[in-house]
Amino acid sequence: PFVANMQSALFSPFNWPSLVLPFWWSLGLAAALKLFASAFGAFLLARALAIRYAGALMAGLVYGFGLYSVVWLSWPLSSVWAWLPWLLLCVWTTVLRPGARPVAALALVVAVQFFGGHPETSFHILAVGSFFALLALSRIERGARLRAIGRLALGLVAGSALAAVALLPFLELLARSGDFENREGKTGGHFPVTA
């Protein structure tokens, strides 16, 4: 049941300290890891976009320690949003540098953001990544765009396949959700009243 419940985020690297450290210490370490991953990812993305060191450092600090990141730090949303700069960096690299490594990195980041524990935010992250891919594709020659789209698609599919260990149980649970029954106008299951 904890695998199917996405918010448990059993496969998220941010939750791994909870498996080996005392609980309250692990929460502090998980929060620090989220902030560091967000800030460092934004810094690396800015450097890849040819922003100078000071500007890239500012971008990392603003994204990593911005109000949204800090306020939602203890919620699964932040475990997914922390990977946004990494996703954008991998999209940029996959489009501009043909090869297996950028595609593998993209697949890994797609999988890890799915493991973050909030499917709605994963949708938002992938939507932003798709729009960013359009920007990256506009920076290369027309003849190379089709191959770049193929590399992006391969990274997305491979990442989704890596995340299948969490996605498939979630989709099975979602299909049996009482929320779906309510939206279809069906009444939910009732238990008999006992005295």
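Structure shown above.
Notes on the structure in this doc start here. Everything quoted here is computed from the prediction, not taken from an experiment.

What counts and what doesn't
Residues numbered from 1 in each chain as written. Predicted model: local features only at pLDDT ≥ 70, side-chain atom pairs only at ≥ 80, totals over all residues. Heavy atoms only, no water. Core = buried A, V, L, I, M, F, W, Y, C linked by side-chain atoms within 4.5 Å. Buried < 20%, exposed > 50% of the residue type's maximum accessible area, 1.4 Å probe, protein only. Helix = DSSP H or I, 4+ residues; strand = E, 2+ residues; numbered from the N terminus. Contact = heavy atoms within 4.5 Å. Expected span 1.5 Å × (residues − 1).

1. Here we look at the nonpolar core
Soluble globular proteins: nonpolar side chains tend toward being buried together.
Logical step 1: Core analysis: the largest hydrophobic core is formed by 37 residues, its most contacted members being Leu87, Val91, Val95 and Leu106.
Logical step 2: Elements supplying a minimum of two residues to this core: helix 2 (23-48), helix 5 (76-81), helix 6 (84-96), helix 7 (100-114), helix 8 (119-137), helix 9 (142-162) and helix 10 (164-175).
Logical step 3: Considering each element in turn, this core owes the most residues, nine residues, to helix 6.
Logical step 4: If near-sequence neighbours (up to four positions away) are discounted, Leu87 is found in contact with Leu106, Val109, Val110, Ile125, Leu126 and Gly129.

2. Notes on helix 2
Logical step 1: Look at helix 2: 37 Å from first C-alpha to last across 26 residues, which is about the 38 Å you get at 1.5 Å a residue.
Logical step 2: The first or second residue beyond helix 2 is Ala50, which carries a positive phi of 70°.

3. Topic: unusual backbone geometry
Logical step 1: With phi around 50°, Ala9 is a residue other than glycine that occupies positive phi space.
Logical step 2: If you trace the backbone, Ala9 turns up in the segment before helix 1 (17-20).
Logical step 3: Judged by relative accessible area, Ala9 falls into the buried class, the value being 6%.
Logical step 4: For Ala50, which is not glycine, the phi torsion reads 70° and is therefore positive.
Logical step 5: You can see Ala50 is positioned in the loop between helix 2 and helix 3 (53-64).
Logical step 6: For Ala50, a relative accessible area of 67% translates into the label exposed.

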